[in-house]
Amino acid sequence: MTSNSASACTWGAASAQDAARACVERPHLAMMGLYLGGFIGMFSESALNVALPQLTKVVGITASLAQWMVVGYMLVIGLVLPFAGILMKWFRTRSLTLFAIGAFFVGSLMSALAPSFGVALSGRLIQGIGTGLVLPIMFAVVLEVFPASQIGGAMGLMSLIIMFAPAIGPSLSGVILGYFSWRALFFIFAVIMAVGLVFTAHYLVSPFELTRPPVDAASCVLSCLGFGGVVLGFGLSSLLGWGSPAVIGSLVVGVVALVVYSRRQLASDSPVLNLRAFSNKRFRVSATLVMISFGITLAAMYLIPQFAQNGLGLTATLSGLLMLPGGIVNAGVSLWSGKLYDRVGAAGPARCGFAISCIGAALMLFTSTDTPIVYLIAAHVLLMVGVPLAMSPCSTNGLSALPEEMNADGSTILNTMEQVCGAVCTAVATGMLSAGDAVGTSAGLDTCAAATMGSHYGFTFVLILAVIGLLLSLGMRKASR
């Protein structure tokens, strides 16, 4: 069934040169556990957005505190992700994946049965450990088990999982919340992860050689302080304000630690995370565009349900359903854009994708308390066309630019940047939403109008991200493949 890269497998390959590095007869079946783990890990990032208003009322907490069910989750992902690359060099892929999916399973049960918000949040943080490991493993393994000619399509499927899951999250979550409580979401997560454990145990291969390089303890500490400090600082900003000593202190510690961490990795012969990947311009630009795309997605997925419920007065179920068309479109575009990369490269799709995202974000700035639902759906659909159109080709373009021995590091870097940026963008969007709401309230606007103003502040931030992505994509080479 399997072999090391030294004896390439020709299953599904057009030639020996096209062969996969690891011999797997049915690669999609081998990847199924990772597919399920990655999907639920990303699905849960946005699924809780619709549940947060209900959670705040049932548990009796503020919206700023409740958002830590999302930001705290991404904080842990950002802490774990940088270590995935070196963990894959120390432990077999199958064992590491079983641990990751098992952690998410346990965390889901904890949150589902939690007697208090503190226990629910603790379970949520444990879930973050699982997702932080599953995502880079999934991207690294897919490059090993598929023939070269099929990697574009396979990466398109990866992008479908990464982008479609948070896009469809609010819709499915809204339907579930229409019949059950927020606890039902976590029970569903647990059931699907149990299925993922079965697939992983039976079919996943371990394609990487265990080199077991030495681990630099100082780099591990710096990594946690750096990535954790930045995400924590942005997350606390909406709760304590930007002038808070805790916010400023977290950001300063995070930035300083990241600078020292980066210099230490570049000087090390056995880095925890091989940042030399950034010396490759093609990877550097592509990774930045992927990070921006992911930030747009999570910020929009947070803002739209909040506006629908608090600005338009819709129920959680209806606010979730109005995002269903965009989620379906996202799925189709994700698959198509992966195959498009195999034909035309990344530059054209990236430019078109960010241009369309700019239009979608701009349309959200013209919403009001009387905005028709059809208008909101149309703006969301445009965002769900633009983001995957850019993200999938850029992901493939960046990872395929690296040599084979840096696949695990490149995947880890890409996913770390995504999650850290996603957490930061969600926190910034939350802060912008709260700031706009406060301005509207102080100006004498009613609750719905103030919430609408808050959403305009938030979508101004989304539009800025889309414009930055568009400008950066203009610098990509047209023949970038």
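Treat the numbers as computed from the prediction; the structure is a model and nothing was measured.

Peer 1: Help me understand the overall build of the protein in this model?
Peer 2: Helix and strand counts for the protein stand at 17 helices and zero strands. A separation of at least 24 residues holds for 81% of the contacts in the protein among residues at least 6 apart in sequence. Put simply, the protein shows about 17,400 Å² of open surface, and 70% of that area lies on carbon and sulfur atoms.

Peer 1: I tried to follow the nonpolar core on my own but got confused; where do I start?
Peer 2: Here is a general trend for soluble globular proteins: nonpolar side chains tend to be buried in one another's company. Counting residues in hydrophobic clusters, the biggest one holds 141 residues, and the most contacted among them are Met31, Met69, Met138, Met158 and Ile296. Take this core: its biggest share by element is 16 residues, from helix 11 (residues 281-310). Here Met31 is in contact with Met138, Val141, Val142, Val145, Phe146 and Met158, once residues within four sequence places are set aside.

Peer 1: Hey, could you run me through the environment of Leu471 in this one?
Peer 2: Following the sequence through the fold, Leu471 ends up in helix 17 (residues 447-473). Judged by its relative accessible area of 57%, Leu471 falls in the exposed class. Separated by 117 residues in sequence, Leu471 and Phe354 place their C-alpha atoms 8.8 Å apart.

Peer 1: Sorry if this is basic, but what is going on with helix 10 (residues 245-267) here?
Peer 2: Owing to its 3.6 residues per turn, the α-helix aligns residues three or four sequence positions apart on the same side. Between the first and last C-alpha of helix 10 there are 33 Å, a value that for 23 residues agrees with the 33 Å anticipated at 1.5 Å per step. Listed as buried for helix 10 are Val247, Ser250, Leu251, Gly254, Ala257, Tyr261 and Gln265.

Peer 1: Just to check I follow, could you spell out the environment of Cys425 for this structure?
Peer 2: By the secondary structure assignment, Cys425 is in helix 16 (residues 407-442). Each C-alpha atom of the pair Cys425 and Gly458 lies 9.9 Å from the other, and the pair is 33 residues apart in sequence. In contact with Cys425, not counting residues within four places along its chain, are Gly295, Ala299, Phe461 and Leu465.

Peer 1: In this structure, what is going on with the confidence of the model for the protein? I would like to understand it.
Peer 2: For any part of a model where pLDDT is low, the fine detail of the predicted coordinates should not be relied upon. In this model, the protein carries a mean pLDDT of 81, and residues with pLDDT of at least 70 account for 90%. Ranking the elements of the protein by mean pLDDT puts helix 2 (residues 63-66) last with 69 and helix 5 (residues 93-112) first with 92. Confidence drops under a pLDDT of 50 for residues 10-18, and excluding neighbours within four residues, the segment shows 14 contacts in the predicted structure.

Peer 1: Honestly, the packing of helix 3 (residues 68-80) against helix 6 (residues 117-145) in this entry has me stumped. Any pointers?
Peer 2: Geometry of a packed helix pair, given as the angle between the helix axes and the separation of the axes. Interaxial distance between helix 3 and helix 6 falls to 7 Å at its minimum, and their mutual angle equals 35 degrees. As for the relative orientation of helix 3 and helix 6, their crossing is right-handed in sense. Between helix 3 and helix 6, the contacting residues are Trp68, Met69, Gly72, Tyr73, Val76, Ile77 and Val80 on the first element and Phe117, Ala120, Leu121, Arg124, Leu125, Gln127, Gly128, Ile129, Thr131, Gly132 and Leu133 on the second. Looking at side-chain class alone, the contact of helix 3 with helix 6 contains twelve nonpolar, five polar and one charged residues.

Peer 1: Would you take a moment to explain a nonpolar patch on the surface for this structure?
Peer 2: On the surface, a cluster of nonpolar side chains totalling about 730 Å² of accessible area is made up of Val175, Tyr179, Phe180, Leu318, Leu321, Leu324, Ile328 and Ile373. Within the residue set of the nonpolar patch, elements represented by two or more residues are helix 7 (151-179), helix 12 (316-321) and helix 13 (324-344). Within the secondary structure layout, Ile373 lies in helix 15 (residues 373-400).

Peer 1: What is the right way to read the side chain of His380 from this model?
Peer 2: Examined against the element boundaries, His380 turns out to sit in helix 15. Among the residues examined, His380 registers a relative accessible area of 0% and is labelled buried. Among residues more than four places away in sequence, those in contact with His380 are Met301, Ile304, Leu322, Met323, Gly326 and Gly327.

Peer 1: Can you walk me through the state of the cysteines in this structure?
Peer 2: Disulfides are covalent bonds that link the sulfur atoms of two cysteine residues. Tallied over the entire structure, the rule returns zero disulfides. Considering cysteine sulfurs only, Cys224 is the nearest to Cys220, which forms no disulfide, with 7.2 Å between them.

Peer 1: How should the packing of helix 14 (residues 347-364) against helix 15 be read in this particular structure?
Peer 2: Interaxial distance between helix 14 and helix 15 falls to 7 Å at its minimum, and their mutual angle equals 155 degrees. One finds that helix 14 runs roughly antiparallel with respect to helix 15. The element helix 14 and its partner helix 15 pack so that their crossing is left-handed. Facing helix 14, whose interface residues are Pro349, Ala350, Cys352, Gly353, Phe354, Ile356, Ser357, Ile359, Gly360, Ala361, Leu363 and Met364, helix 15 presents Tyr375, Leu376, Ala379, Leu382, Leu383, Val385, Gly386, Val387, Leu389, Ala390, Pro393 and Cys394. Counted by class, the contact of helix 14 with helix 15 contains 20 nonpolar, four polar and no charged residues.

Peer 1: Where do I start with the environment of Ile161 in this structure?
Peer 2: For Ile161, the location among the structural elements is in helix 7. The exposure class assigned to Ile161 is buried, which follows from its relative accessible area of 7%. Separated by 173 residues in sequence, Ile161 and Ser334 have C-alpha atoms that sit 8.6 Å apart.

Peer 1: Help me understand the side chain of Asn397, please; the structure alone is not making it clear to me.
Peer 2: Tracing the backbone shows Asn397 in helix 15. A polar contact of 2.8 Å, which involves the side chain of Asn397, links it to the side chain of Ser286.

Peer 1: Help me out: how do you make sense of helix 8 (residues 183-203) in this one?
Peer 2: Here helix 8 spans 31 Å end to end across 21 residues, near enough to the 30 Å set by a 1.5 Å rise per residue. Along helix 8, the residues classified as buried are Ala184, Leu185, Phe186, Phe189, Ala190, Met193, Gly196 and Thr200.

The rules behind the values
- Residues numbered from 1 in each chain as written.
- Predicted model: local features only at pLDDT ≥ 70, side-chain atom pairs only at ≥ 80, totals over all residues.
- Heavy atoms only, no water.
- Helix = DSSP H or I, 4+ residues; strand = E, 2+ residues; numbered from the N terminus.
- Contact = heavy atoms within 4.5 Å.
- Areas by Shrake-Rupley, 256 points an atom, 1.4 Å probe, with all protein chains shown as cover.
- Core = buried A, V, L, I, M, F, W, Y, C linked by side-chain atoms within 4.5 Å.
- Buried < 20%, exposed > 50% of the residue type's maximum accessible area, 1.4 Å probe, protein only.
- Expected span 1.5 Å × (residues − 1).
- pLDDT = per-residue confidence, 0-100.
- Axes fitted to C-alpha atoms, helices over the stretch in contact; angles between N-to-C directions.
- Left-handed = near helix turned anticlockwise from the far one by under 90°.
- Nonpolar A, V, L, I, M, F, W, Y, C, P; charged D, E, K, R; others polar.
- Patch = residues over 30% accessible without salt bridge, like charges linked within 9 Å, V, L, I, M, F, W, Y side chains within 5 Å.
- Salt bridge = Lys/Arg side-chain N within 4 Å of Asp/Glu carboxyl O.
- Disulfide = S-S within 2.5 Å.
- Parallel < 35°, antiparallel > 145°, perpendicular 65-115°, else oblique.
- Polar contact = N/O pair within 3.5 Å; in protein donor to acceptor, adjacent residues only side chain to side chain.

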